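Topology and contacts: notes
One-letter residues, chain by chain:
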Amino acid sequence: MSTAHQPVKSRIVSLDQFRGYTVAGMLLVNFIGGFQAVGAIWKHHNTYCSYADTIMPQFFFAVGFALRLTFLRRLKTLGVWPATRAAVARNLGLILLGFVIYHLDGQVKSWEVLQHLGLRGFLAQAFSRELFQTLVHIALASLWVLPVIAAGTTTLVAFLIASAALHLALSRWFYFQYAWGLPVIDGGPLGFLTWSIPVLVGSLAYDVVAGSPGESDRSNPVPKLLAGSIVLMGMGYLLSCLGGSYAPPPFVEPAEGIPDLWTMSQRTGSVSYQTFAAGFSLAVYTLFVLLCDLGSLRVGCFRTFGQNALAAYIVHPMVADAVKPYMPGDSPLWYVAAGFLLYFAICYLLIRYLEKNAIFLRL
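This text gives an overview of the structure that appears in the document.

Calculation notes
- Residues numbered from 1 in each chain as written.
- Predicted model: local features only at pLDDT ≥ 70, side-chain atom pairs only at ≥ 80, totals over all residues.
- Heavy atoms only, no water.
- Helix = DSSP H or I, 4+ residues; strand = E, 2+ residues; numbered from the N terminus.
- Buried < 20%, exposed > 50% of the residue type's maximum accessible area, 1.4 Å probe, protein only.
- Contact = heavy atoms within 4.5 Å.
- Lys, Arg positive; Asp, Glu negative; His and termini not counted.
- Salt bridge = Lys/Arg side-chain N within 4 Å of Asp/Glu carboxyl O.
- Polar contact = N/O pair within 3.5 Å; in protein donor to acceptor, adjacent residues only side chain to side chain.
- Axes fitted to C-alpha atoms, helices over the stretch in contact; angles between N-to-C directions.
- Parallel < 35°, antiparallel > 145°, perpendicular 65-115°, else oblique.
- Left-handed = near helix turned anticlockwise from the far one by under 90°.
- Nonpolar A, V, L, I, M, F, W, Y, C, P; charged D, E, K, R; others polar.

Our next topic: the side chain of Ser128. With respect to the helices and strands, Ser128 occurs in the loop between α4 (111-126) and α5 (134-145). Under the relative-accessibility criterion, Ser128 is labelled buried at 12%. Setting aside anything within four residues of it in sequence, one finds Ser128 in contact with Asp105, Tyr178, Leu182, Val184 and Pro189.

A word on the side chain of Asp186. Secondary-structure assignment places Asp186 in the loop between α6 (153-181) and α7 (192-210). One buried charge, Asp186, has no salt-bridge partner; the nearest side chain with opposite charge is Arg267, at 8.6 Å. Side-chain polar atoms of Asp186 contact the side chain of Gln266, separated by 2.9 Å. What Asp186 contacts, discounting residues up to four positions off in sequence, is Met56, Thr134, His137, Trp195, Gln266 and Arg267.

Here we come to the packing of helix α2 (residues 55-77) against α7. Following both chains from N to C, one finds α2 and α7 inclined at 50°, their axes separated by 7 Å at the closest point. Taken together, α2 and α7 sit at an angle that is classed as oblique. For α2 against α7, the interelement crossing comes out right-handed. Across from Met56, Pro57, Phe60, Phe61, Gly64, Phe65, Arg68, Leu69 and Leu72 in α2, the residues of α7 making contact are Trp195, Pro198, Val199, Val201, Gly202, Ser203, Ala205, Tyr206, Asp207 and Val209. Tallied by class, residues from the contact of α2 with α7 come to 14 nonpolar, three polar and two charged.

Keep in mind that these numbers describe shape and distance, not what the molecule does.
Next up, the structure:
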């Protein structure tokens, strides 16, 4: 918990605004997704990439951007081991917080049942699904990329490709059937391998925005960022077509079919999904660079959420639980919109209060 204001000039405005937009998108899709009147593009799916499915990768993109920024700063001022210890401690803290929020799978009713379950049974039952959600995925992916986070572009790209290849190999061997059959959440225990894709793309985006040491012209990173986003989105779509037929483009619901390891799926954390979503995250961030860093756009709501994203993440499901009891799933669209505006306003007021009192929840 931090109560110190950071000077505005020390922050990258586009990153705060992008992160704030992502929090606002999370509030939107997590609230409206369960209502019948809401279109499919605003809901999460397991067999293609909708707008809702683009939100979570944007958090990982922002994490990768900030991780490289802070690690390089600490590396320069503190050295390798202090910088590494700080990163490890932060991510272990996220795992602990994730454990408190998400809990473990299953339970036992008596000491006798626990003894019969044994250590192997406990590990197999308790750690299969619920724990592996957003905060834990962020921590595991960050720890996975930590050995290369200060390396050059070639090493980062090679590590990204190797992580994707390892996930594909394990999925072909056994993991796709396991993840789909359980089913897991957001990639499950091995999801960190592909969640590292948007993390590393965010790290590479930081290099483009910050510029290389001694580089004379850092004023316009947009062309490089935009080119990278197009390449990644194209690669993600082409990968989704390797299952034997041309897949519908992202955001278009496919016909009935059997998913495979090439299908864009947030459930399995597939390589095609993560590659496209990382490219889409980069495209959205490029827009914020253009509007905020090169332009003068500042959205107060995005600033508030962007500088206190963890607090918003923790608070928003509690607010939803307070608002939704009298909002049935078949509510008309106008009623859904009214309920969402109330929920969004409460979330904003709570996080704005923290901001006004210089209280920022960070790990």
